[in-house]
Amino acid sequence: MAFDDPVAELSAYASHPSVSADSSFAQGMTGARHYVTSLLRELGFSVETIETPMHPILLATRGDPSWPHLVVYGHYDVQPADPLDLWTSPPFEPEVRGDRLYGRGAADNKGPQIVHMTALARVLQRNPELPLRITYLIEGEEEVGSPSFKGFLERYKDRLDAEMVLVSDTGSPNPEQIVITTGLRGLVALEARFKGPAMDLHSGVHGGPVFNPLRAVSEVCASLHDEEGNVAVPGFYDEVSVPADWERDELLKMPQTEEEYLGFIGAPGFKPSSGYNSLESVRFGPTLEFNGIGGGYQGEGSKTVIPSEAFVKITCRLVPNQKEGVIASLVKAAIEERCPPEVSVEVSVTGGGDPYVVIPPGKPGSSGEESPLLKRAFSAAEQAIAQSFGSSPIFMREGGSIPIIGDLKEIAGLDSLLIGLFTPADNLHAPDESFHLGIMEKATTAFESIFEDLAGPT
Ligand code: BES
Ligand code: MN
């Protein structure tokens, strides 16, 4: 039985270098896709490979159309592994050390997928006729912003006549305290290219009359935040909603102080946006962040040059009820307006997604009209996590983004139950990524109960 040894299964899955961003890893993408296809077939799913311009999406189904219908989402792609020299063991040669399995994608997102599948295998072994219809969606472009997923949803939404989505692609504070993620921030990615003279110039021969594009990029970037640390783009905060009281109460249960958080980050201090402390601002506040800025001479020593070009890469994280398209236009307009006339600027929007929130059924503000399966899943998850992990989950929004979760709501009308299985110690997107084997085992037990509960008599 493939799922008798889930750690070996994860190790095999994580050995396929499925880096979606880099076309030289095409074989790793195919390998990971085939691997997860074979796991799903072993579980009794019929699996279709849906072609996209980049990396195919797997659509796998089991069960009778009359049964309650659950969608499970995951992604088989991973982030690039570099810088390679900072890994203790090679990123695509997974290794168990202590209570962790190390390898790129071990936590994000291959480990959590093995958890769900192992739980399902155990449940199906006990009850092969489990009356739960499940559609698996495993995509290969999550780490590059899921460019094909919206189109896929438009085309296949009829096949997603489900009641909810189950996802584990978010975090928890530590292996003892699990979070049920009640919101994800949205995203807008932009790139601005500032162009000055037609070519690099001698900064002595031409310095004076020429407006240096590095000065333009610096001035424009400096204008995008005010002294309080807020984003200085007119209209940016217009639609921002305030967190509910119950969300602030849940946050107080988080087993981390601001001091500990600062210690973990290792910076000299925090500058949260106004009105929020650092723990709040990462979950409840929007941001405008510079991810890369450059131009001019970057080599050793000095070079007297006025560069012809400069660039900045920006991402904004959005909170309810900001809209991706609106924020993209506002930021683009602010950059264009503030660029001095002696320099030209071209701003392109390179990706995005709307924020997502789900109010747990029964909490203040919930509609009471959630699908029966979603209601059931939230209470089953709460109980199963309390049972397996020894403490109840915290219901909390997350700072990261999974843009397709908003799309699933928008296009297919589906809310998600997001159960956080990775922790800050897992080094997501960084060297020495790992997945905690204790979480893996406890979560598998919890998911067994969740699947059984969802299929149980109403
Ligand atoms: N699994 C993460 C998102 C995540 C990380 C959620 C930590 C909660 C806690 C996902 O794979 C990811 O990295 N998303 C990107 C989205 C981007 C590439 C469009 C992100 O948040 O930067
Ligand atoms: Mn992920």
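Bear in mind the structure is a predicted one, so any value in this text is a computation, not a measurement. (Residues numbered from 1 in each chain as written. Chains lettered and ligands numbered in written order. Predicted model: local features only at pLDDT ≥ 70, side-chain atom pairs only at ≥ 80, totals over all residues. Heavy atoms only, no water.)

On to the side chain of E247, then. Structurally, E247 can be placed in helix α6 (residues 245–252). Discounting chain neighbours no more than four positions away, the residues touching E247 are T182, F284, M396 and R397. (Helix = DSSP H or I, 4+ residues; strand = E, 2+ residues; numbered from the N terminus. Contact = heavy atoms within 4.5 Å.)

Before going further, it helps to examine the packing of helix α2 (residues 26–42) against helix α3 (residues 106–126). Two numbers describe how α2 lies on α3: the axes approach to 11 Å, and their chain directions differ by 15°. One element, α2, and the other, α3, form an angle in the roughly parallel class. Like other packed secondary-structure pairs, α2 and α3 cross with a definite hand, here left-handed. Note on element contacts: α3 touches α2 through K110, Q113, I114 and M117, opposite A32, V36, L39 and L40. Here the contact of α2 with α3 is composed, by residue class, of 6 nonpolar, 1 polar and 1 charged. (Axes fitted to C-alpha atoms, helices over the stretch in contact; angles between N-to-C directions. Parallel < 35°, antiparallel > 145°, perpendicular 65-115°, else oblique. Left-handed = near helix turned anticlockwise from the far one by under 90°. Nonpolar A, V, L, I, M, F, W, Y, C, P; charged D, E, K, R; others polar.)

Attention now moves to the site of ligand 1. In the vicinity of ligand 1 lie 15 residues, with E142, D169, R317, S401 and H429 positioned nearest. The side chain of R317 places a nitrogen or oxygen atom 2.8 Å from an oxygen atom of ligand 1. With the chains in place, 85% of the 520 Å² that ligand 1 exposes on its own is no longer accessible. Split by residue class, the shell around ligand 1 holds 3 nonpolar, 6 polar and 6 charged. (Near = heavy atom within 4 Å. Polar contact = N/O pair within 3.5 Å; in protein donor to acceptor, adjacent residues only side chain to side chain. Areas by Shrake-Rupley, 256 points an atom, 1.4 Å probe, with all protein chains shown as cover.)

In this structure, the second largest pocket spans a volume of roughly 420 Å³. Along its surface, the second largest pocket is lined by 27 residues, and V357, V358, I359, G365 and D415 are the ones closest to its centre. Among the secondary structure elements, those contributing two or more residues to the lining of the second largest pocket are α6 and β15 (356–357). Taken together, the residues of the lining of the second largest pocket sort by class into 13 nonpolar, 7 polar and 7 charged. (1 Å grid on protein atoms, 1.4 Å probe; cavity = no way out; pocket = protein on both sides within 12 Å on 5 of 7 lines; lining within 4 Å. Points joined across faces, edges and corners; volume = space filled by probe spheres on them.)

Here we take up a nonpolar patch on the surface. Together, F264, I265 and F270 make up an exposed nonpolar region whose accessible area comes to about 290 Å². Among the secondary structure elements, F270 is positioned in the loop between α7 (258–265) and α8 (278–284). The class of F270 is partly exposed, set by a relative accessible area of 33%. (Patch = residues over 30% accessible without salt bridge, like charges linked within 9 Å, V, L, I, M, F, W, Y side chains within 5 Å. Salt bridge = Lys/Arg side-chain N within 4 Å of Asp/Glu carboxyl O. Buried < 20%, exposed > 50% of the residue type's maximum accessible area, 1.4 Å probe, protein only.)

For the pair helix α4 (residues 149–156) and helix α11 (residues 403–412), interaxial distance at closest approach is 10 Å and the crossing angle is 25°. Overall, the two elements α4 and α11 adopt an arrangement that is roughly parallel. Remark: the crossing between α4 and α11 carries right-handed chirality. Judged by residue contacts, F149, K150, L153 and E154 of α4 engage I404, D407, L408 and I411 from α11. Here the contact of α4 with α11 is composed, by residue class, of 5 nonpolar, no polar and 3 charged.

So, on to the packing of aromatic side chains. Each pair of aromatic rings is reported with the distance of its centres and the angle of its planes. In the structure shown here, the tally under the stated rule is 11 aromatic pairs. Ring centres of F149 and F152 lie 5.5 Å apart, and the angle between their planes is 50°; on these two criteria the pair is classed as tilted. Here F149 and its partner F152 are both found in helix α4, 3 residues apart, which amounts to about one turn of the helix. Judged by its relative accessible area of 0%, F149 is buried. (Phe/Tyr/Trp six-rings, centres within 6.5 Å; stacked < 30°, edge-to-face > 60°.)

So, about the coordination of the manganese ion (ligand 2). Ligation of the manganese ion (ligand 2) by protein atoms is provided by H75 (NE2), D108 (OD), D169 (OD) and D169 (OD), these donors lying 1.8 to 2.6 Å from the ion. Coordination geometry of the manganese ion (ligand 2): the 6 donor atoms subtend angles of 52 to 159° at the metal centre, consistent with an arrangement described as irregular. Every donor residue of the manganese ion (ligand 2) comes from the same chain, spaced as H-x32-D-x60-D. Taken together, the residues H75 in strand β3 (residues 69–75) and D169 in the loop between β7 (164–167) and β8 (179–184) connect sequence positions 94 residues apart. In this structure H75 comes out as buried when scored by relative accessible area, which is 0%. Its relative accessible area of 7% is what places D169 among the buried residues. (Donors = N, O, S within 2.8 Å, 3.2 Å for Na, K, Ca; no water. Tetrahedral: all angles 85-135°; square planar, octahedral: opposite > 155°, others 65-115°.)

For the rest of this paragraph, the subject is the domain arrangement of the chain. Parsing the chain into structural domains produces domain 1 (6–184 + 355–454) and domain 2 (186–240 + 286–353). Together, the buried faces of domain 1 and domain 2 total about 670 Å²; carbon and sulfur atoms form 55% of this surface. For the domain 1 face of the interface with domain 2, the top three residues by lost area are P355, S401 and P403, together amounting to 63%. Applying the counting rule to domain 1 against domain 2 returns 0 salt bridges. (Domains from an automatic or database assignment. Buried area = accessible area lost by both parts, 1.4 Å probe.)

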